[in-house]
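# Remarks on the overall topology
Chain by chain, the residues:
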Amino acid sequence: MRSTHWNLIFAGSSLFYLFSLAYRPYPMDFLLKALPIFWLMLLVLRNATSNKYLLLLALAFSATGDIFLALPIKNSFELGLGAFLLAQVTYACNFWRFRHWQGWKLWALLAVGVFAVLMLWQLLPKLDAMRLPVLAYMLVICSMASMAVLANRHGYWLLIGATSFLVSDALLAWNLFIQPFPYSAYAVMLTYYAAQYCLVNGALKVAPMASEPAPHAAR
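Residues numbered from 1 in each chain as written. Predicted model: local features only at pLDDT ≥ 70, side-chain atom pairs only at ≥ 80, totals over all residues. Heavy atoms only, no water.

Summed over the entire model, instances satisfying the criterion amount to 1 salt bridge. For the salt bridge of Arg24 with Asp29, the shortest nitrogen-to-oxygen distance reads 2.9 Å. On the basis of relative accessibility, which here comes to 6%, the residue Asp29 falls in the buried class. (Salt bridge = Lys/Arg side-chain N within 4 Å of Asp/Glu carboxyl O. Buried < 20%, exposed > 50% of the residue type's maximum accessible area, 1.4 Å probe, protein only.)

Along the polypeptide, Leu204 turns up in helix H8 (residues 184-206). Counting along the chain gives 156 residues from Leu204 to Ala48, while the straight-line C-alpha distance between them is 5.8 Å. (Helix = DSSP H or I, 4+ residues; strand = E, 2+ residues; numbered from the N terminus.)

In total, this model carries 10 aromatic pairs according to the counting rule given. Between Phe10 and Tyr197, the ring centres sit 5.4 Å apart and the planes meet at 20 degrees, which makes this aromatic pair stacked. In this pair, Phe10 sits in helix H1 (residues 3-20) while Tyr197 sits in helix H8, placing the two residues 187 residues apart along the sequence. Using a relative accessible area of 6% as the deciding quantity, one classes Phe10 as buried. Assessed through its relative accessible area of 18%, Tyr197 is described here as buried. (Phe/Tyr/Trp six-rings, centres within 6.5 Å; stacked < 30°, edge-to-face > 60°.)

Here it is as structure tokens:
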């Protein structure tokens, strides 16, 4: 099956879950939530080269986080947060392998820093017992976004993916800790699925460059 078919299946399964949000909870909804990520794993298995296993690991942690967050169990949020923290660490380690400095990236890194400061400024007074876990996760996801910026070389897949992930998690945190807002689940999941799709496709594009000499050297 061609990559285009996998992409269409991913898009279809994502939209199907978004439409199903109006009917949650329903039996096995956690599997339907994670299904688009499983399709991305199949896409990686078919197309990835030198970074196949790190991508698969990041997606496996993500799917685990999706499932934990959807299950009606004790500490589901903490378990989901931990799984996504591991996913972000894995993504960051993968992108670090393909780092490549260009001057414009300084501004992108500064934007990530500004985002982190603004979010923490809003969140810290509201977190209470969740302060340390959320702080740890904020540090890790901003590290992932920074590594995505450094790895970006062709197109904007990684930049869009990292930005979408930051937006998705910011929306989730805002809804949970600051002020619930209408259609939050739709906004969070739409940006989340877009983030995973763009990160995976961006990683597939930078991976073949692993054999180039000194990809992280400054120009």
